[in-house]
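Below, each chain spelled out in residue letters.
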Amino acid sequence: EDQVTQSPEALRLQEGESSSLNCSYTVSGLRGLFWYRQDPGKGPEFLFTLYSAGEEKEKERLKATLTKKESFLHITAPKPEDSATYLCAVQDNYGGATNKLIFGTGTLLAVQP
Amino acid sequence: DAGITQSPRHKVTETGTPVTLRCHQTENHRYMYWYRQDPGHGLRLIHYSYGVKDTDKGEVSDGYSVSRSKTEDFLLTLESATSSQTSVYFCAISEPTRKGQSNQPQHFGDGTRLSIL
């Protein structure tokens, strides 16, 4: 059974203090790994898709990387506006036909000024 | 922002009453999904649709039904609401991933907060 585990559950950083969020997964054939950001009272907002081990994607202060067992979301010099819940999701080869996703429970990031 | 509107945004109702949530999209995307989000469980798929009148069950479909009579609208119905269905419900849309194309992500609405007393 496909499974996605995110750690830590919550992370508090000072502004400018870089860190990483982890997403470990077990899946029967990875078709894609997705990162989303979710603000309170809002729906998840798409950030990145990663497809194969060794791949990296960047957007502003965020960089996502992928290995065969896990993905990391690196946050460099975060700002208070980066505070949000970050969700990881995987798509396996079976669910790929309809783009179905399996989500982790997320990491709640708080960046203090 | 993807053109996805969920209604109502908030609803409080009583156990045993029927409830219908609506998702409306202006993107003409083929696939639509209903999720529920609960603390400690993350987003779980309830039902999804891969075309007009084409729907299938997700991970947590018991107690829910769906209908899609038009491309733009996807309805989620709780026939007889129970307290365990108190949750935040999200609708998502996506396009099919075609051969040679990057995987199409899902895009989400802002949710409906449903409380069942």
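Look up: the structure comes first, before these words.
Keep in mind that what you see is a predicted model, and the values were worked out from it rather than measured.

Digging into the overall build of chain B
Part 1 of the argument: Broken down by element type, chain B carries zero helices and eleven strands.
Part 2 of the argument: Seen in sequence order, chain B has helices and strands lined up from the N terminus as β-β-β-β-β-β-β-β-β-β-β.
Part 3 of the argument: For 117 residues, the compact-globule estimate of 2.2 N^0.38 gives 13 Å, and the C-alpha radius of gyration of chain B, at 14 Å, lies within 12% of that figure.
Part 4 of the argument: The dimensions of chain B, computed from C-alpha atoms along their principal axes, are 50 × 30 × 25 Å.
Part 5 of the argument: Taken across its 117 residues, chain B has 49% of its residues classed as buried.
Part 6 of the argument: Put simply, 56% of the contacts in chain B that link residues at least 6 apart link residues at least 24 apart.
Part 7 of the argument: Of the roughly 5700 Å² of accessible surface on chain B, 45% is carried by carbon and sulfur atoms.
Part 8 of the argument: Between the mean site of the 13 positive side-chain charges and the mean site of the 13 negative ones, chain B shows a separation of 2 Å.

Some remarks on the nonpolar core
General note: in soluble globular proteins, nonpolar side chains tend to be found buried as a group.
All names here are of chain A.
Part 1 of the argument: Membership of the largest hydrophobic core comes to 22 residues, with the highest contact counts inside it found for Leu-33, Trp-35, Phe-48, Leu-62, Leu-73, Tyr-86 and Leu-109.
Part 2 of the argument: Counting only elements with at least two residues in this core, the list comes to strand E2 (10-14), strand E3 (19-26), strand E4 (30-38), strand E5 (45-50), strand E7 (62-66), strand E8 (70-75), strand E9 (84-92) and strand E11 (107-112).
Part 3 of the argument: With four residues, E9 is the largest single contributor of residues to this core.
Part 4 of the argument: In this view, Leu-62 contacts Leu-47, Phe-48, Lys-57, Leu-73, His-74, Ile-75 and Tyr-86; residues no more than four positions away in its chain are not counted.

Conventions we followed
For every chain, the first residue of its written sequence is number 1, and the numbers climb from 1 along that sequence. Note on labels: chains are lettered from A, ligands numbered from 1, in written order. Given that this is a predicted model, residues contribute local features only at a pLDDT of at least 70 and side-chain atom pairs are listed and counted only at 80 or more, while totals for whole chains, interfaces and linings are drawn from all residues. Side-chain calculation: all heavy atoms of the structure are included, whereas hydrogens and water are not. Secondary structure elements are defined from DSSP: runs of H or I of at least 4 residues count as helices, runs of E of at least 2 residues count as strands, and each element is numbered from the N terminus. For the radius of gyration, the atom set is restricted to C-alpha positions; the globular benchmark scales as 2.2 Å times the number of residues to the power 0.38. Relative accessibility under 20% of the residue-type maximum defines a buried residue, over 50% an exposed one, and the middle range a partly exposed one, all with a 1.4 Å probe and only protein chains included. Contacts were defined at the residue level, with two residues in contact if any of their heavy atoms lie within 4.5 Å. Residue burial considers only the protein chains on display, and all accessible areas are found by Shrake-Rupley using a 1.4 Å probe. We treat Lys and Arg as the positive residues and Asp and Glu as the negative residues; His and chain ends play no part in the count. For the purpose of locating charges, the reference atoms are NZ of Lys, CZ of Arg, CG of Asp and CD of Glu. Think of a nonpolar core as a cluster: buried Ala, Val, Leu, Ile, Met, Phe, Trp, Tyr and Cys residues, connected wherever their side-chain atoms sit within 4.5 Å.

Worth remembering: the numbers are spatial, not functional.
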